[in-house]
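If you want the building blocks of each chain, they are given just below.
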Amino acid sequence: QVQLVESGGGLVQAGGSLRLSCAASGRTFSNYGMGWFRQAPGKEREFVAAISRRGSRIIYADSVKGRFTISRDNAKNTVYLQMNSLKPEDTAVYYCGAVFNGYSDLVTSAKYDYWGQGTQVTVSS
């Protein structure tokens, strides 16, 4: 089992920044690709960003490219999502996920083995 705990969400004005963290425990963190997904009210969960086990592959959704940065620190068992230039449409619950040996397909949520409980991000206009 892998336990994932997100933190760092909150309320921010449009144009502001937030940094989300996802702390992992339970298994060898560097064996897992990590991803961030989000779900807004009434919408399906959507892919935001992902990073492979050792950071050699990074992917972003077009909607966040150039504004969000995903990174990981395998020594701290933590993955981060730095969110800049936030927009009201970024408002959602943000979830981190872990996929064992994840490299080729980091975009499909069904591929992920573990999920955190989510953290709310609200961007006011």
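Before reading on, note that the structure itself is shown above.
The rules we used
- Position labels on residues start from 1 in each chain and follow its written sequence.
- Residue-level local features of this predicted model are given only where pLDDT is at least 70; pairs of side-chain atoms are given and counted only at 80 or more, and the full residue set underlies all totals for whole chains, interfaces and linings.
- Water and hydrogen atoms were dropped before computing side-chain values, which therefore reflect all heavy atoms in the structure.
- Note on disulfides: each one is a pair of cysteine sulfur atoms within 2.5 Å.
- Only runs of H or I of at least four residues qualify as helices and only runs of E of at least two qualify as strands under DSSP, and these elements are numbered from the N terminus.
- At least two DSSP bridges between two strands are required for those strands to pair.
- Each axis is a line fitted through C-alpha atoms, and for a helix only the stretch in contact is used; angles between axes span 0 to 180 degrees, taken between their N-to-C directions.

A. Region of the structure containing the state of the cysteines. Counted by the stated rule, this structure contains 1 disulfide. Here C22 engages in a disulfide with C96; their sulfurs sit 1.9 Å apart. Judged by the sign of its S-S torsion, about 45°, the bond between C22 and C96 is right-handed. Linking C22 in strand β3 (residues 18–25) with C96 in strand β9 (residues 92–100), this pair joins segments that are 74 residues apart in sequence.

B. Focus on the sheet that holds strand β8 (residues 78–83). Read across the open sheet, the 4 strands follow the order β1-β3-β8-β7; overall the sheet is antiparallel. Every other strand in the sheet has two partners, leaving β1 (3–7) and β7 (68–73) as the edge strands with one partner each. Across the sheet, the axes of successive neighbouring strands diverge by a mean angle of 15°, strand direction being ignored.

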